[in-house]
Amino acid sequence: MNILEFIKQKILVFDGATGTVLQESDLKPGQSTEAWNISYPEHMVNLHRMYFDAGANAVLANTFGVNPLKYSKDETEGLVVAAMRNAKKAAMLSRGRQEKFIGLDVGPTGRLLRPLGDLDFEEAVAAFSLVISSGAHCGADFIFIETMNDLYETKAALLAAKESCDLPVFVSNAYSDNGKLMTGSSPETVVAVLEGMGADVIGVNCSSGPEALFPVLKKYISLSSVPVLFKPNAGLPRIEDGKTVYGLSVRDFSESMKKALDIGVSAVGGCCGTTPEYINAVSGLAGKYSPPVVKVKQDTVVASGTKSVFLGKGPIVVGERINPTGKPKIREALRMGNIGYILEEAVAQQDCGAHILDVNAGLPDVDESALLPEIISELQTVTDLPLQIDTSDPLAMEKSLRVYNGKAVVNSVDGKKERMDAVFPLVKKYGGLVVCLTLDENGIPETAHGRVEIAEKIKDCAVSYGLSPKNLIFDTLTMTVTASPEAASVTLDAAEELNRRGYRTVLGISNVSFGLPERDNLNSAFLIQALDRGLSAAIINPCSDAVMKAFRSFRALNGLDADFGGYISSYGNESVRLGNVEITDLKKAIVSGARETAERLASEMLDNVPPLDVINEYVMPALNFVGEGYEKGTLYLPQLLMSAEAASAVFMKVEEKYRKNGEKRTKTAVFVIATVLGDIHDIGKNIVKLLLDNYGFDVIDLGKDVTPERIADEVVKKKASFCGLSALMTTTVRSMEETIKLIRQKAPWCRIVVGGAVLNEEYAAKIGADKYARDAMDTVRFCQNCVISGNND
């Protein structure tokens, strides 16, 4: 029996923590757990055997921290081979008689992917592929991708698994207390992307404990068409009598897992702080439950990395402006490689009310397969709207789908066999919602019935490729009324029939008025007719005031605009403001994360405005607006980072101006920052560094896996006012504590800030830190307050 067959018949029980148990076996501070696969194989065999003996069905090989970004290729493969050997031996030695499976454990790389970080997407895919192919070769029963807090990295790992083996793939993400991933993805977005890419089981793990994860877990179960797993921590850690303990007892943890089973999870286990004793209790509990019947959900969802759009819950707008057809400025920008102009067009459409942006780069004299994916990547740095990849070139389509962070709309396929055979396999591999044009080898039918028949043919072909009809959206083709007075009626009749059959529909509205004067009048009237027939999505120019007034009015009058909020916000106040900060071009460029635009505007402004005024009157208000939005939960990490990058570009121009004037920008205070010994995860550290740089601090970045001695010596050498320490893993918190003790001895004046997923305020105080920072902005605010109050000396 394979593991997917098992999970249909019984509740699957996973193992618990590895690092927690190894710490009790004298794992030294800074020592990697994966090294024990080779150095102490008997300990690893015993650990895995204890979990099997406790009743676990699925034990994960000790490969969480193994990847070629940390080790050489030979070391990586050697560690995977040793880990799999230990887990297999444990299964053989276990006295348990239950079904047993061994999973290859795949953890995060510890680095952010571009554009937010420095790791290339394909480099990440290659790194995961080496680990996964090695594990599959060694006989893993399934791949377990876990503790992922970045959706883009999750996609890289899942893609690597699908390309490297044919084993079942489980994917588990780690959520923050705000119910989103670190990079801002909601459960709705994550479920849409993972299910679209073909993950076999999805779920949540780690985080701050089971109770905090229940809101996320409930969303997974309500949205997912595949089984859901739950593998939380035993609460948050604290120190008692010099030892790290976790907040939930075995009994408390079991009660939480009972709640999870009651609401319909298919697999349970433990993460940090859970031991064989915990898993024994969970196993006994799971045996009392039958597996839930997993129902196929019918939600039609598209997503960016941070935003989901549901079709069928009210009409949505697809912005049509990024398309060279009939748009000379867009054509020129594409030919000249002026992506900055494209980005400005995207931001403008978002500001005007678009929900999705169509992106077309098809020109005879450009390399679309190179340009389109580049535009897609750049657009995702300035807008959180889902994108519609609009191309007839299969190579351009695949390369764009590959780099896209989210679940895209694919525009388009039609009823021609050759086209369907080219597009549907790509959508099956990468996920997506497909625009289906109701034409085929015989052209566009003149009747509504003929177009509906082609739609059904396309649906049948899509299903044969393993795609669900919920991921199809049909375009019954708007034709100009100047060619045929009945054209509009035929289009609308076909769309209405498909809506009646339960399908989603989309139309390019502006085609209807081609060749006629005052086109917005006709477009608006046709749009209202289409919406009244049940149209799911309208491809329009969102910057057309007349058309958007028609759209918003329809929503308001049909009960689709709660309390008329959208209508009032659009027309109740003519001034456009960012909170209390009035938008100027430079401020808006920084807020939007438009780096090139911000850099250009700053250069122009510095010819007439003193550098300090540019910082105080434009850059800092924009940064503060974004920072406050991040703290309130209205903006997320990608917006924070891209705004910081745009501000950095402005600061570079300011520095150039200072140098020309023979001046120097004054720094606020020195801040030494590092990831502690034994920990290679530096995402949080890098984010803090970027923000502190922008807020005027002199940041000394020592990197990752840094010894206590080096950190303390640098603090003394630089007479640093602050030191920031980061740790993601429970096994490296002891290194953090040793570092703090050494800094206290050598530099008692220094304020110490700590952060990381395994920490909390109580734990930070116990190990002697001055401040536990829940995120990067919390660090900035603490340091600013110390400087203002004079407590940074």
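To be clear, the structure that these remarks concern was listed above.
These numbers were taken from a predicted model, which means no experiment stands behind them.

Asks: Help me out: how do you make sense of the overall build of the protein chain in this one?
Replies: Across its full length, the protein chain holds 30 helices and 27 strands. Computed over the C-alpha atoms, the radius of gyration of the protein chain is 28 Å, within 12% of the 28 Å expected from 2.2 N^0.38 for a compact globule of 793 residues. Principal-axis analysis of the C-alpha atoms gives the protein chain an extent of 85 × 75 × 50 Å. Out of the 793 residues in the protein chain, the part that is buried amounts to 60%. Of all intrachain contacts in the protein chain linking residues separated by at least 6 positions in sequence, the fraction that spans at least 24 positions is 75%.

Asks: What am I meant to see in the environment of Gly110 here?
Replies: Mapped onto the elements, Gly110 comes out in the loop between β3 (101-106) and α6 (121-137). Counting along the chain gives 41 residues from Gly110 to Leu69, while the straight-line C-alpha distance between them is 9.3 Å. Contacts of Gly110, omitting those with residues within four sequence positions, involve Glu153, Ile680, His681, Asp682 and Ile683.

Asks: What is the right way to read the nonpolar core from this model?
Replies: Ranked by internal contacts, the top residues of the largest apolar core, which has 167 residues, are Ile143, Ile145 and Phe424. Here this core gets eight residues from one element, more than from any other, and that element is helix α7 (residues 151-164). Setting aside residues up to four positions removed in sequence, Ile143 forms contacts with Leu104, Val106, Ile132, Ala161, Cys165, Leu167, Pro168, Val169 and Phe170. Counting residues in hydrophobic clusters, the runner-up holds 51 residues, among them Leu586, Leu601, Met605 and Val753.

Asks: What's the story with helix α20 (residues 545-557) in this structure? I'm lost.
Replies: At 3.6 residues per turn, the α-helix brings residues three or four places apart onto the same side. Here α20 is 13 residues long and its end C-alpha atoms lie 18 Å apart, about the 18 Å a rise of 1.5 Å per residue gives. Within α20, the full set of buried residues consists of Val547, Met548, Ala550, Phe551, Arg552, Phe554 and Ala556. Buried residues in α20 make contact with β13 (316-322), α19 (519-532), β20 (537-540) and α21 (565-571). Gly559 sits one or two residues past α20 and shows a positive phi near 70°.

Asks: What am I meant to see in the packing of aromatic side chains here?
Replies: The description of an aromatic ring pair uses the distance of the two centres, along with the angle that the planes make with each other. Here the structure, examined in full by the defined rule, presents 18 aromatic pairs. Ring centres of Phe474 and Tyr503 lie 5.1 Å apart, and the angle between their planes is 65°; this geometry places the pair in the edge-to-face category. Here Phe474 is found in strand β18 (residues 472-475), whereas its partner Tyr503 is found in the loop between α18 (487-500) and β19 (504-508), with 29 residues between them in sequence. For the pair Phe474 and Tyr503, one class covers both residues: buried. If you follow Lys313 out to its NZ or CZ, it ends over the ring of Phe310, 4.4 Å from the centre.

Asks: Looking at this model, I keep getting lost on the sheet that holds strand β7 (residues 228-232). Mind explaining?
Replies: By definition, the strands of a sheet pair up through backbone hydrogen bonds, in either a parallel or an antiparallel sense. Read across the open sheet, the eight strands follow the order β1-β10-β7-β6-β5-β4-β3-β2; overall the sheet is parallel. Sheet topology places β1 (12-13) and β2 (58-60) at the edges, where each strand pairs with a single neighbour. Two strands pair when backbone bridges link them, and β1 and strand β10 (residues 267-268) are joined in this way by two bridges, in the parallel orientation. Each bridged residue has a counterpart across the sheet, and for Val13 the counterpart in β10 is Val268. Packed onto the sheet, helix α4 (residues 41-53) meets β2 and β3 and runs at close to 160° relative to β2.

Asks: Can you walk me through the side chain of Thr478 in this structure?
Replies: Following the sequence through the fold, Thr478 ends up in the loop between β18 and α18. At 3.1 Å, the side chain of Thr478 and the backbone oxygen of Gly508 are in polar contact. Residues within four places of Thr478 in sequence aside, it is in contact with Thr491, Leu507, Gly508, Ile509, Asn511, Val512 and Phe526.

Asks: How should I be thinking about the sheet that holds β20 in this particular structure?
Replies: Taking strand neighbours around the barrel as the criterion, the eight strands line up as β13-β14-β15-β16-β17-β18-β19-β20 in a closed arrangement whose pairing is parallel. For this sheet the average axis-to-axis angle between neighbouring strands, irrespective of direction, equals 25°. Here β13 pairs with β20 via four bridges, running parallel. Bridged to Val317 within β20 is Ala538.

Asks: Before we go on, may I ask you to explain the pattern of salt bridges in this structure?
Replies: Where side chains of opposite charge bring their charged atoms close, a pairing between them can arise. Applying the stated criterion across every chain yields a total of 43 salt bridges. Between Arg111 and Asp118 there is a salt bridge, with its nearest N and O atoms 3.3 Å apart. In this structure, the salt-bridge partner of Glu456 is Arg501, at a minimum N-O distance of 2.9 Å. On the criterion of sequence distance, the pair formed by Glu456 in helix α17 (residues 448-464) and Arg501 in the loop between α18 and β19 is long-range, its members being 45 residues apart.

Asks: Where do I start with the pairing of strand β24 (residues 698-701) in this structure?
Replies: Note on strand geometry: in a regular strand, side chains alternate between the two faces of the sheet. Direction of pairing for strand β23 (residues 670-675) relative to β24: parallel, over a ladder of four bridges. In the strand pairing of β24, Val670 is matched with Asp698. For the crossover that starts at β23, traverses helix α26 (residues 683-694) and ends in the parallel β24, the hand is right-handed.

Asks: Is there a simple way to explain the environment of Gln349 in this structure?
Replies: Along the chain, the position of Gln349 falls in helix α13 (residues 339-351). For the pair Gln349 and Thr383, spaced 34 residues apart in sequence, the C-alpha to C-alpha distance is 9.9 Å. What Gln349 contacts, discounting residues up to four positions off in sequence, is Gly319, Glu320, Arg321, Ile322, Ala354, Leu357, Pro542 and Cys543. At 3.3 Å, the side chain of Gln349 forms a polar contact with the backbone nitrogen of Glu320.

Asks: Would you explain the environment of Glu709 in this entry?
Replies: Mapped onto the fold, Glu709 is located in helix α27 (residues 708-718). Overall, Glu709 belongs to the partly exposed group, its relative accessible area being 43%. Along the chain, Glu709 and Lys746 lie 37 residues apart, while their C-alpha atoms are 9.9 Å from each other.

Asks: Can you help me understand the state of the cysteines in this one?
Replies: Linking two cysteines covalently via their sulfur atoms produces the bond known as a disulfide. What the rule picks out here adds up to zero disulfides. As a non-bridged cysteine, Cys352 has Cys543 as the owner of its nearest cysteine sulfur, 3.3 Å distant. On the accessibility criterion, Cys352 (26% relative accessible area) is partly exposed.

Rules used throughout
Residues numbered from 1 in each chain as written. Predicted model: local features only at pLDDT ≥ 70, side-chain atom pairs only at ≥ 80, totals over all residues. Heavy atoms only, no water. Helix = DSSP H or I, 4+ residues; strand = E, 2+ residues; numbered from the N terminus. Rg over C-alpha atoms; globule rule 2.2 N^0.38 Å. Buried < 20%, exposed > 50% of the residue type's maximum accessible area, 1.4 Å probe, protein only. Contact = heavy atoms within 4.5 Å. Core = buried A, V, L, I, M, F, W, Y, C linked by side-chain atoms within 4.5 Å. Expected span 1.5 Å × (residues − 1). Phe/Tyr/Trp six-rings, centres within 6.5 Å; stacked < 30°, edge-to-face > 60°. Lys NZ or Arg CZ within 6 Å of the ring centre and 35° of its normal. Pairing = 2+ DSSP bridges. Axes fitted to C-alpha atoms, helices over the stretch in contact; angles between N-to-C directions. Polar contact = N/O pair within 3.5 Å; in protein donor to acceptor, adjacent residues only side chain to side chain. Salt bridge = Lys/Arg side-chain N within 4 Å of Asp/Glu carboxyl O. Right-handed = clockwise from strand over helix to strand, strands pointing away. Disulfide = S-S within 2.5 Å.

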